[in-house]
Number of protein chains: 4
Amino acid sequence: MVAVHLESHEYGKSRVRLMRVMRDSDSHRVLELTVAVRLEGDFAAAYTDAENRQVVATDTMKNTIYALGKDHTIDTIESFALALARHFPATYAQVTGARIEIEETPWNAIPVGGRPHPHGFSRVDGEQATVSVTVTGDHEEIVSGLQGLVVLKTTDSAFEDFFRDSLTTLPEASERLFATKISAHWRIARVAAKYEEVRTRARTALIETFATHRSRSVQHTLHDMAVGLLEVCPEVDRVDLDLPNLHVLPVDLTPFGRTNDLEVFVPTDEPHGTIRATIARG
Amino acid sequence: MVAVHLESHEYGKSRVRLMRVMRDSDSHRVLELTVAVRLEGDFAAAYTDAENRQVVATDTMKNTIYALGKDHTIDTIESFALALARHFPATYAQVTGARIEIEETPWNAIPVGGRPHPHGFSRVDGEQATVSVTVTGDHEEIVSGLQGLVVLKTTDSAFEDFFRDSLTTLPEASERLFATKISAHWRIARVAAKYEEVRTRARTALIETFATHRSRSVQHTLHDMAVGLLEVCPEVDRVDLDLPNLHVLPVDLTPFGRTNDLEVFVPTDEPHGTIRATIARG
Amino acid sequence: MVAVHLESHEYGKSRVRLMRVMRDSDSHRVLELTVAVRLEGDFAAAYTDAENRQVVATDTMKNTIYALGKDHTIDTIESFALALARHFPATYAQVTGARIEIEETPWNAIPVGGRPHPHGFSRVDGEQATVSVTVTGDHEEIVSGLQGLVVLKTTDSAFEDFFRDSLTTLPEASERLFATKISAHWRIARVAAKYEEVRTRARTALIETFATHRSRSVQHTLHDMAVGLLEVCPEVDRVDLDLPNLHVLPVDLTPFGRTNDLEVFVPTDEPHGTIRATIARG
Amino acid sequence: MVAVHLESHEYGKSRVRLMRVMRDSDSHRVLELTVAVRLEGDFAAAYTDAENRQVVATDTMKNTIYALGKDHTIDTIESFALALARHFPATYAQVTGARIEIEETPWNAIPVGGRPHPHGFSRVDGEQATVSVTVTGDHEEIVSGLQGLVVLKTTDSAFEDFFRDSLTTLPEASERLFATKISAHWRIARVAAKYEEVRTRARTALIETFATHRSRSVQHTLHDMAVGLLEVCPEVDRVDLDLPNLHVLPVDLTPFGRTNDLEVFVPTDEPHGTIRATIARG
């Protein structure tokens, strides 16, 4: 028998979908969430000895999301994630840590005659609000974020003076299209923060900086987007940004007797550049 | 040797992606299209005799999309699709019919300080504008549409008094959530129509009717959405609607000692109802 | 009020997933199906008058799939689809026609020590077996098929002597890679056919013809694959083939001082050629 | 101006697709890979000072994959990943570390008349072989793996005696279906290992253990699969397994007057359990 040890382990439930309808005023509100739970704790015997006595069923985690989803008027995904993350260690002695991840798919009221309808909604696809809350002993960490937001600049983007060698064929570009799908995570340094206000300021800083930046590279713009966020969000102490370079390639029209003055492009999904960094205060 | 005949055939190019940037004013515009071309004509010998002399390469169709994409300031997807659909039979004697299908993924100017930025854009995912143009001999047909628009009603939706038998378990519902992904196609009866104005009126009629309808079934709402469209779009003579019933199921909270007053739901992707109809004038 | 009429309508349930486990011998069998039901009949009043009395709930269709799924030892997807398609018009006076579509995701026994394990299985992704059965009055039509089967030839594929004009840039190719995702549908002329035997012969004819063909174009190979199928399947009277041309592009290595003797390629998903035809006996 | 620092950063190219055709014998071989490159090094100035002089363009990384893809007869994805991972720090003084990740989509020769055809191939979807190679200074780490392999047990799977509280509704199950999508990574302790032989032994141990295990929980089976791998692969010193619990739910047939003796199930995609662990020697 080979000698082994359980180096690390975690388990939970993923992709629990919840639609919460709030009917507390004439104008309804709807919130569509996808929730994941991860627990750490005294569960090693389930792996090594087929001993389930301490195991909280992942089905019970799902039930917990629906039960707490009923109990809370969900004001922010941060507050709901925090309530869930605190629940598990508070309820089960064997749980030492819990992580809750929530993705929110936004819904807007349908405009009817120019005014938001009280109970008709349309879904916004693509961009999602996210939060990850980790509770371990006395420590609570809240990381808000957004993902899936695709943006594009049609000028003020260059990539020049980079390293060249025998395998380099990319031309210098004083003008190019720059498209990316923003994935941003900002850590909330103060638990009592007004998460929605932070989110609004963070998102505005990210997209306004992107739009107005004179970009010398994806790295350059990424850095200044993070700095822009930190400038307007004193509640945040660290920002992670993942900005894939979604190449939008000019079409060579010369074989057809035409010139392409940065007008005709092919958007591509693959391959793509991957640029990531973490920028923190101090 | 078995006796066979070529009953029907068509070929073309699919998923040709085009991003067109228009820089004709200080505020740029961007249009992202996915285009498909299908040709019918004198191509049987390619199948039966390996004779390629009449075959327009699908690569040439792709080139045509980019070349004509350069030549046109693309005002509407309808006008661009029409230009493409007319090109192929006009250019190639062996082409008897052409069908062009375009899907448009919309982009909006990023608001900076409350005003649309002139060259920063964000993509809108989910809903797409569509058009299908068919040119066969003298006949031209333009069918505009939209797809991917997910909408939801939180009240004014019932499904009652339906047929029951031994395999029926669905309870009568005087109140339920009704979610669907609208796929709509409206045929333009007059080629010179102002397609964008028609589109705006058609879309508004569809979503306003959905929001304000007292729905007795998906069928019922589908019918009235189509009628609503026809009422405000005299340019349209036929509407196809495909409204899947995207079930949003109430969670049974009684095992947890809670009641669910239509507040806590599970959105589901599968299975789903499928409801389709074509409604025409006259 | 605008004058309209209901030109056509159909409704049903889509993406009903069923896993059927057969434990009638020591070696279990598993069948994973995705089923869709479409009904036509006397349902117009649901659209035009909010009258549900004749409407069979799509939830009842789902229940029917599970109930009949229990009653039948499912030998072939054809026989199960036929049982379902006959059930609806036989059970409901208001149903005039039913169409059942089934996709099967295959599972294989896991080999253990070289022999198939009696109750451990692994799923085969990609290729699926399909069937579409339509019952309308006395008429029954069975169309078997397969989809999602991606195949590739590394030689014996050319595309030459095609039509050239000012927008043609594709070079003549006496050798190229030819990749496609086979979507095939064959109509069974005799209802009592042994569907599995037909399927085995049909599939073998399709892929053997593809592999051994000296292809002059996708059209050419498509035609001969259909003829090959008809030659070995007398039970079949018509074949539809959809063979997208999934372009696998040679990489230009000359900038790096290397030659590419058809060794280094980029597989692409978009754009792709689309080639379809229907070949029938007679 | 807010005080910030660049806490961490990395960049690279993702989803570079390569199809390598080897024609060195009458029977061709094809290898389809998706490659990602990540570099760490002296790149901070690109973020903080818009200084690109040290930046290796991600386009150059792509070119490198194709150039080295030509130079190598790719015997294993491990050897190719190692060659790429060594290339970057060896070539560029500013690169301190490189990570290469490869996913392989397998292709099989099409059988013709019972024998593998020399140049006709069919793709196997779902399961992929993977490797991740990291080179940092003198340190080289090779982690082989597989992903996407969906397996199922129709008996010998139970989940009983777990923790129960007021939110627990899951019944004890002495028999249930157990389906999972295996994601496995095994670290090669010896760089000179015969990777393909290790892979064959590792894969066999994983699936044979899964099939023959008397499972008391996913955790239990996960642990014994990892131990089984370590027993037959002395070259491996650590195994990571991620085994989502893909719930296959029995259908309640009692409303239809039928019993369900573990015969009729609904496969589901969401929610799913998530069970992960790392098991190491010693």
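Refer to the structure presented above.
The notes below deal with the structure included here. Since the model is a prediction, treat every value here as computed from it, not as a measurement. (Residues numbered from 1 in each chain as written. Chains lettered and ligands numbered in written order. Predicted model: local features only at pLDDT ≥ 70, side-chain atom pairs only at ≥ 80, totals over all residues. Heavy atoms only, no water.)

## Here's the deal with the relation of the copies chain C and chain D
Mapping chain C onto chain D calls for a screw motion: a turn of 180° about the axis and a shift of 0.0 Å along it, with 0.0 Å RMSD after fitting. With respect to symmetry, the two chain copies, as superposed, fit the operation of a two-fold axis. Among all residues of chain C, the one whose C-alpha sits closest to the rotation axis is Asp125 of chain C, at a distance of 2.6 Å. (Least-squares fit on C-alpha atoms with pLDDT ≥ 70 in both.)

## Focus: the packing of aromatic side chains
In the structure shown here, the tally under the stated rule is 20 aromatic pairs over all chains. Each ring, one from Tyr11 of chain C and one from Phe43 of chain C, has its centre 5.0 Å from the other, and the planes form 80°; the classification is edge-to-face. With Tyr11 of chain C in strand 1 (residues 4-22) and Phe43 of chain C in the loop between strand 2 (29-41) and helix 1 (44-49), the pair connects residues that are 32 residues apart, well separated along the chain. Given a relative accessible area of 3%, Phe43 of chain C falls into the buried group. In this structure, Lys153 of chain B is placed above the aromatic ring of Phe210 of chain B, and the distance from its NZ or CZ to the ring centre is 5.7 Å. (Phe/Tyr/Trp six-rings, centres within 6.5 Å; stacked < 30°, edge-to-face > 60°. Helix = DSSP H or I, 4+ residues; strand = E, 2+ residues; numbered from the N terminus. Buried < 20%, exposed > 50% of the residue type's maximum accessible area, 1.4 Å probe, protein only. Lys NZ or Arg CZ within 6 Å of the ring centre and 35° of its normal.)

## Focus on the interface of chain C and chain D
In this assembly, 58 residues from chain C lie in contact with 58 residues from chain D. Where chain C abuts chain D, roughly 5000 Å² becomes buried across the two surfaces, and 60% of that area is made up of carbon and sulfur atoms. Our count for the contact surface shared by chain C and chain D stands at six salt bridges. For the salt bridge of Arg17 of chain C with Asp269 of chain D, the shortest nitrogen-to-oxygen distance reads 3.2 Å. In this assembly, chain C and chain D are joined by 31 residue pairs in polar contact (both at pLDDT 80 or more). For the side of chain C that touches chain D, the secondary-structure elements that each account for two or more residues are strand 1, strand 2, helix 2 (58-71), strand 4 (107-112), strand 5 (115-123), strand 7 (139-153), helix 4 (195-212) and strand 11 (264-267) of chain C. Per-class residue counts for the side of chain C that touches chain D are 28 nonpolar, 15 polar and 15 charged. Sheet topology places strand 7 of chain C next to strand 5 (residues 115-123) of chain D; three bridges connect them, and they run antiparallel. The residue of strand 5 of chain D that forms the bridge with Val151 of chain C is Ser122 of chain D. (Contact = heavy atoms within 4.5 Å. Buried area = accessible area lost by both parts, 1.4 Å probe. Salt bridge = Lys/Arg side-chain N within 4 Å of Asp/Glu carboxyl O. Polar contact = N/O pair within 3.5 Å; in protein donor to acceptor, adjacent residues only side chain to side chain. Nonpolar A, V, L, I, M, F, W, Y, C, P; charged D, E, K, R; others polar. Pairing = 2+ DSSP bridges.)

## Observations concerning helix 5 (residues 218-232) of chain B
Residue and element names in this part refer to chain B. Taking 1.5 Å of rise per residue, 15 residues should cover 21 Å, and helix 5 covers 22 Å from first to last C-alpha, within 8% of that figure. Buried residues of helix 5: Val218, Gln219, His220, Thr221, Leu222, His223, Met225, Ala226, Val227, Gly228, Leu229 and Leu230, and no others. The N-terminus of helix 5 is capped by Ser217, whose side-chain oxygen sits 3.3 Å from the backbone nitrogen of Gln219. (Expected span 1.5 Å × (residues − 1).)

## Quick look at the interface of chain C and chain B
Listed per partner, the contact involves 74 residues of chain C and 74 residues of chain B. Together, the buried faces of chain C and chain B total about 6300 Å²; carbon and sulfur atoms form 55% of this surface. When the buried area of chain C at its contact with chain B is split by residue, Tyr47, Phe163 and Leu167 of chain C rank highest and sum to 11% of it. There are six salt bridges connecting chain C and chain B. Among the salt bridges present, the one from Glu270 of chain B reaches Arg15 of chain C, with a minimum N-O distance of 3.2 Å. Summed over the shared surface of chain C and chain B, the number is 45 residue pairs in polar contact (both at pLDDT 80 or more). When residues of the side of chain C that touches chain B are traced back to their parent elements, those giving at least two are strand 1, helix 1, helix 2, helix 3 (77-91), helix 5 (218-232) and strand 12 (272-281) of chain C. Top element by residues in the side of chain C that touches chain B is strand 1 of chain C. It accounts for 14 residues.

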